[in-house]
Amino acid sequence: EPEVTQTPSHQVTQMGQEVILRCVPISNHLYFYWYRQILGQKVEFLVSFYNNEISEKSEIFDDQFSVERPDGSNFTLKIRSTKLEDSAMYFCASSQGGQGAEKLFFGSGTQLSVL
Amino acid sequence: GDSVTQMEGPVTLSEEAFLTINCTYTATGYPSLFWYVQYPGEGLQLLLKATKADDKGSNKGFEATYRKETTSFHLEKGSVQVSDSAVYFCALGISGGYNKLIFGAGTRLAVHP
């Protein structure tokens with residue numbers, strides 16, 4: 001069964017450093033997403049991406065965040081200058097269509113720890 | 001705004017016990033409702049869904065009914081197994097919202113033999 005792959009599974013960084021979280025969506029999917037979960041809190045939507053541009057973003061997704069599809073297979077989330085409060089599990093997801101959330105496939109997540 | 005509230009865990013049960021995990025929601029419009037499951041070391045997997053009031057979603061022995069009058073979508077299973085140990089997330093999908101899901105905080109279930 002096709003799956004969404006995220007690397008690394010764990011990332012530790014120093015406050016103020018830049019981090020890039022990587023995702024390989026399912027190959028024929030066109031819509032890509034990032035969600036995050038701070039420990040003990042809810043899973044939160046960050047951003048959706050289609051046709052090489054952001055289609056929707058949450059208020060969490062400020063200027064410190066950016067997303068990119070640098071080639072035909074990867075989808076990345078960059079945090080330019082990490083803060084302690086960015087520590088969370090980050091989930092990538094993809095879907096073939098833009099509607100019908102039951103067709104959303106999630107990766108296993110990257111646990112980001114900012115020290 | 002739209003939100004989901006689910007019961008806090010952990011929930012600890014013996015094998016073959018009955019499971020209920022409560023989930024209530026607040027939403028404008030007509031959302032779809034979902035239960036996702038995360039097994040250790042794996043991603044979020046869709047467990048079941050319901051797209052309109054009174055729909056019942058079911059999968060792997062789990063069931064949940066979309067109750068508009070009580071704004072609830074409680075997850076139930078008649079007889080849990082050790083292999084059901086996981087974190088369960090209730091979520092709502094905003095209609096027209098590009099697969100934007102609003103999640104609850106998750107409920108960890110531990111089933112002992």
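Everything here concerns the structure above.
Worth saying up front: this structure is predicted, and the values here are computed from it rather than measured.

Student: I keep staring at the overall build of chain B and nothing clicks. Help me out?
Tutor: Helix and strand counts for chain B stand at zero helices and 12 strands. When its helices and strands are written in sequence order, chain B yields β-β-β-β-β-β-β-β-β-β-β-β. For 113 residues, the compact-globule formula gives about 13 Å, and the C-alpha radius of gyration of chain B, at 13 Å, lands near that figure. C-alpha extents for chain B along the principal axes are approximately 45 × 30 × 20 Å. For chain B, with 113 residues in total, the buried portion stands at 46%. Partitioning the contacts of chain B with sequence separation of at least 6, the portion at a separation of at least 24 is 55%.

Student: How should I be thinking about the layout of surface pockets in this particular structure?
Tutor: Gaps left between atoms are located by rolling a probe of water-molecule size over the structure's atoms. Roughly 590 Å³ of internal volume is contained in the largest pocket. Every residue lining the largest pocket is counted, 29 residues in all, and those nearest its centre are Gln37 of chain A together with Gln38, Val87, Phe89 and Arg108 of chain B. Residues that form the lining of the largest pocket fall into these classes: 14 nonpolar, 12 polar and three charged. For the second largest pocket, the calculated volume is near 460 Å³. Residue lining of the second largest pocket: 22 residues in total, with Glu1, Phe105 and Phe106 of chain A together with Leu44 and Gln45 of chain B positioned closest to the centre. Those elements that place two or more of their residues in the lining of the second largest pocket are β1 (5–7) and β10 (105–106) of chain A together with β5 (32–38) and β6 (44–50) of chain B. Among the elements that take part in the lining of the second largest pocket, β6 of chain B stands out by supplying four residues, more than any other. The residue makeup of the lining of the second largest pocket, split by class, is 10 nonpolar, seven polar and five charged.

Student: Sorry, what's going on with the nonpolar core here?
Tutor: In globular proteins that are soluble, nonpolar side chains generally tend to be buried together. If you look at the biggest cluster of nonpolar residues, it comprises 27 residues, and the most contacted ones within it are Leu19, Trp35, Leu47, Leu48, Phe73, Leu75 and Tyr88 of chain B. Counting residues per element, the ones that place at least two in this core are β2 (11–14), β3 (19–21), β4 (23–26), β5, β6, β8 (62–65), β10 (86–93) and β12 (107–112) of chain B. Broken down by element, this core gets its largest block of residues, four residues, from β10 of chain B. Non-local contacts of Leu75 of chain B, meaning those with residues more than four positions away in its chain, are made with Leu19, Thr20, Ile21, Trp35, Leu47, Leu48, Phe62, Glu63, Ala64 and Tyr88 of chain B. Grouped together as the second largest cluster of nonpolar side chains are 23 residues, Phe32, Phe49, Val67 and Val114 of chain A included.

Student: Any chance you could explain the state of the cysteines here in plain terms?
Tutor: Formally, a disulfide is one covalent bond, and it connects the sulfur atom of one cysteine to the sulfur atom of another. Enumeration over the complete set of coordinates arrives at two disulfides over all chains. In this model Cys23 of chain A forms its disulfide with Cys92 of chain A; the gap between the sulfur atoms is 2.0 Å. Since a negative S-S torsion denotes a left-handed disulfide, the Cys23 of chain A-Cys92 of chain A link at about -65° is left-handed. Of the two residues, Cys23 of chain A is situated in strand β3 (residues 19–24) and Cys92 of chain A in strand β9 (residues 88–95); the sequence distance between them amounts to 69 residues. For Cys92 of chain A, a relative accessible area of 0% corresponds to the buried category. Shown here is the disulfide that connects Cys23 of chain B with Cys90 of chain B, its sulfur atoms set 1.9 Å apart. Disulfide Cys23 of chain B-Cys90 of chain B: torsion about the S-S bond near -70°, hence left-handed. You can see Cys23 of chain B sitting in strand β4 and its partner Cys90 of chain B sitting in strand β10, a full 67 residues away along the chain. No difference in accessibility class separates Cys23 of chain B from Cys90 of chain B, as the two residues are buried.

Student: Even after reading the chapter, I still don't get the side chain of Thr82 of chain A, so can you show me in this structure?
Tutor: Residue and element names in this part refer to chain A. As for its position among the elements, Thr82 is in the loop between β8 (75–79) and β9. Looking at Thr82, its side chain comes within polar contact range of the main-chain oxygen of Gln14, at 3.1 Å. From its side chain, Thr82 meets the backbone oxygen of Gln17 in a polar contact 2.9 Å long. When sequence neighbours within four positions are dropped, the list of residues in contact with Thr82 reads Thr13, Gln14, Met15, Gly16, Gln17, Val19 and Val114.

Student: Would you take a moment to explain the sheet that holds β3 of chain B for this structure?
Tutor: The strands that make up a sheet are held in pairs by hydrogen bonds between backbone atoms, and each pair lies either parallel or antiparallel. Residues and elements named next belong to chain B. Judged by pairing direction, the sheet is antiparallel, and its four strands sit side by side in the order β3-β9-β8-β7 without closing on themselves. Because the sheet does not close on itself, it has two edges, and the strands there are β3 and β7 (56–59). Across the sheet, the axes of successive neighbouring strands diverge by a mean angle of 15°, strand direction being ignored. With three bridges connecting them, β3 and strand β9 (residues 75–77) associate as antiparallel partners. Bridge pairing in β9 places Thr20 opposite Glu76.

Reading the values: the criteria
- Residues numbered from 1 in each chain as written.
- Chains lettered and ligands numbered in written order.
- Predicted model: local features only at pLDDT ≥ 70, side-chain atom pairs only at ≥ 80, totals over all residues.
- Heavy atoms only, no water.
- Helix = DSSP H or I, 4+ residues; strand = E, 2+ residues; numbered from the N terminus.
- Rg over C-alpha atoms; globule rule 2.2 N^0.38 Å.
- Buried < 20%, exposed > 50% of the residue type's maximum accessible area, 1.4 Å probe, protein only.
- Contact = heavy atoms within 4.5 Å.
- 1 Å grid on protein atoms, 1.4 Å probe; cavity = no way out; pocket = protein on both sides within 12 Å on 5 of 7 lines; lining within 4 Å.
- Points joined across faces, edges and corners; volume = space filled by probe spheres on them.
- Nonpolar A, V, L, I, M, F, W, Y, C, P; charged D, E, K, R; others polar.
- Core = buried A, V, L, I, M, F, W, Y, C linked by side-chain atoms within 4.5 Å.
- Disulfide = S-S within 2.5 Å.
- Polar contact = N/O pair within 3.5 Å; in protein donor to acceptor, adjacent residues only side chain to side chain.
- Pairing = 2+ DSSP bridges.
- Axes fitted to C-alpha atoms, helices over the stretch in contact; angles between N-to-C directions.

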